[in-house]
Structures are given as C-alpha cells and as structure tokens.
Amino acid sequence: MSGPSWRAMTAGDLDGVHRLSLRVYPQFFERRDVYADRLALYPQGSLVLDSEGGIGGYAVGHPARLFAPPPLDTVLGRLTEGADALYVHDVALAPELRGLGLVEGGVHALLALADRDRRPAMLVSVNGTPAFWQRFGFAPVDPARLGDKLAPYGEGAIFMLRKAKV
C-alpha cells in the first residue's frame, strides 16, 4: 500500500467505522446501525480512509432538509422527502493520522456531492472545530434557527452552512 487513501465504504467496513467513531467521538455515541443505515440509503456519501492499520478515517453525508439535522444515534430508514441540502453527518480521522493533510480528501468528496446537485451543505461543528470547517467555506448560523436541535451536541456546538455552488 502506498499510503492512506479514500474509497467508497462497504458493509465490511462498518465494524471498523464504528470502532473509530467510539474512539474519536466517545461523547457522541452512535450505534453501528446508524452507519449501516447511511451506507444503505446514500452509498455515495459514505467513504473510508484505508490505512495500514485498517480504517483510518471516515466521511459520511446524506441529503436532508436545510436547518433540520437528524438527531444523534438515529436510524433514518429512508432519505428525507424534499431534502434540499447535504448534511455532513460525520467526518473522523484517527488521532495518529491527523496533521498529514488526509482529511481534506474525504471532505472534498462529500462537498462535491453537494456541488453536483447545487445544494448547500450543513453540519454541526463539535470539539472546537469551526475554524477547520471555515476552510471549506462553512460559516456559523444563528443558533436560534435550530431551536433545541444542537442540545445533544453539548455546549459549544455550532451549526454551520456552506452555500450552494451555482
């Protein structure tokens, strides 16, 4: 292997993705079924970073209604009718792979899906990452627009929006 590279997620990756999610985001628990659900509903928005140690990262996104991120640990069962945005559900990178410029490939692949469909992209920034997301064109949105949807993400969670590319 020449180095870590992004590829489409498969069902065989789900255990590794779930283990990494528990390692990187222990405070935001989501069942393995959540990742299986996203993969089944929108496979083009489910990516993994292959590394010598297994799954070194993942990037998951799917269509959703603008300003209506699904609650944490929720199996959707179907894509939201009338979805008008791409929701960046989760992007994670193993701590030992951070700082190597690897995460950008996964983020750009998700944002290309939004750009292809001329949709805005949205996400909830956690763990003090707004500056990271601003590098990709995201800007904070007034939290009053979301009501209590940010509460499960804890204090400091910031809803961010990237306008549609036209």
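Let me begin by describing the structure that accompanies this report. Computed from a predicted model, the values in this text were never measured in an experiment. (Residues numbered from 1 in each chain as written. Predicted model: local features only at pLDDT ≥ 70, side-chain atom pairs only at ≥ 80, totals over all residues. Heavy atoms only, no water.)

### What about the overall build of the chain?
Condition: Working definition: helices are DSSP H or I runs of at least four residues, strands are E runs of at least two. Numbering for both runs from the N terminus. For this measure, only C-alpha atoms enter the radius of gyration; the expected value for a globule follows 2.2 Å times N^0.38, where N is the number of residues. Only the protein chains shown count as cover for residues, and the accessible areas themselves come from Shrake-Rupley with a 1.4 Å probe. Neither His nor the chain ends contribute to the count of charged residues, in which Lys and Arg are positive and Asp and Glu negative. Think of each charge as sitting on NZ of Lys, CZ of Arg, CG of Asp or CD of Glu.
Each helix and strand in the chain was counted, giving 4 helices and 7 strands. Listing the helices and strands of the chain from first to last along the sequence gives β-α-α-β-β-β-α-β-α-β-β. For the chain, whose C-alpha radius of gyration is 15 Å, the value lies close to the compact-globule estimate of 15 Å for 166 residues. For the chain, the spread of C-alpha atoms along the principal axes amounts to about 45 × 35 × 35 Å. A total of about 8,100 Å² of accessible surface is found on the chain, and carbon and sulfur atoms cover 53% of it. Across the chain, the mean location of the 18 positive side-chain charges is 5 Å away from that of the 18 negative side-chain charges.

### With respect to the sheet that holds strand β6 (residues 139-140)
Here is the rule we go by: In short, DSSP must find at least two bridges between two strands for them to pair. Contacts were defined at the residue level, with two residues in contact if any of their heavy atoms lie within 4.5 Å. Fitted lines through C-alpha atoms serve as axes, helices being fitted only where they are in contact, and the angles separating the N-to-C directions of these axes extend from 0 to 180 degrees.
Read from one edge of the open sheet, 7 strands run β1-β2-β3-β4-β5-β7-β6, paired in mixed fashion. The sheet terminates laterally at β1 (5-8) and β6, the two strands that pair on one side only. Note that β6 and strand β7 (residues 158-162) share 2 bridges and pair antiparallel. Directly across from Ala-139, in β7, lies its bridge partner Leu-161. Along the sheet face, helix α1 (residues 14-24) touches β2 (46-51), β3 (54-64) and β4 (85-93) and points at about 90° away from the line of β3.

### What about the side chain of Asp-13?
To keep things clear, this is the line we draw: Any N or O atom pair separated by 3.5 Å or less is treated as a polar contact, with the protein-specific requirement of one donor-capable and one acceptor-capable atom, and with residues adjacent in sequence counted only for side-chain atom pairs.
For Asp-13, the location among the structural elements is in the loop between β1 and α1. Only 2.7 Å separates the side chain of Asp-13 from the side chain of Arg-7, close enough to count as a polar contact. What Asp-13 contacts, discounting residues up to four positions off in sequence, is Arg-7, Ala-8, Val-48 and Ile-55.

### What about the nonpolar core?
Put simply, the test is: Working definition of a nonpolar core: buried Ala, Val, Leu, Ile, Met, Phe, Trp, Tyr and Cys residues. They are joined through side-chain atoms within 4.5 Å. Here the term buried applies to any residue with accessible area under 20% of the maximum for its type, exposed to any over 50%, and partly exposed to those in between, with areas from a 1.4 Å probe on protein chains only.
Within the largest apolar cluster, 51 residues are counted, with the highest numbers of intra-cluster contacts made by Tyr-58, Trp-133 and Phe-138. Mapped onto this core, the elements with two or more residues apiece are α1, α2 (32-41), β2, β3, β4, α3 (103-116), β5 (121-125) and β7. It is β4 that provides the largest number of residues to this core, a total of 7 residues. With near-sequence residues (within four places) excluded, Tyr-58 lies in contact with Trp-6, Met-9, Val-17, Leu-20, Ser-21, Tyr-25, Tyr-35, Leu-47, Val-48, Asp-90, Val-91 and Ala-92.

### Structural notes on the packing of aromatic side chains
Aromatic ring pairs are reported here in terms of the distance separating the ring centres and the angle at which the planes meet. The cut-off we apply is this: Any Phe, Tyr or Trp ring, taking Trp's six-membered ring, that has another such ring centre within 6.5 Å forms a pair; planes under 30 degrees apart are called stacked, those over 60 apart edge-to-face, and the others tilted.
Scanning all chains against the criterion turns up 8 aromatic pairs. Centroid distance Tyr-35 to Tyr-58: 5.5 Å. Interplanar angle 70°. Geometry classified as edge-to-face. Separated by 23 residues along the polypeptide, Tyr-35 in helix α2 and Tyr-58 in strand β3 bring together distant segments of the chain. Side by side, Tyr-35 and Tyr-58 carry an identical accessibility label, which is buried. Each member of the aromatic cluster is reached from another via a ring pair, and the members are Phe-132, Trp-133, Phe-136 and Phe-138.

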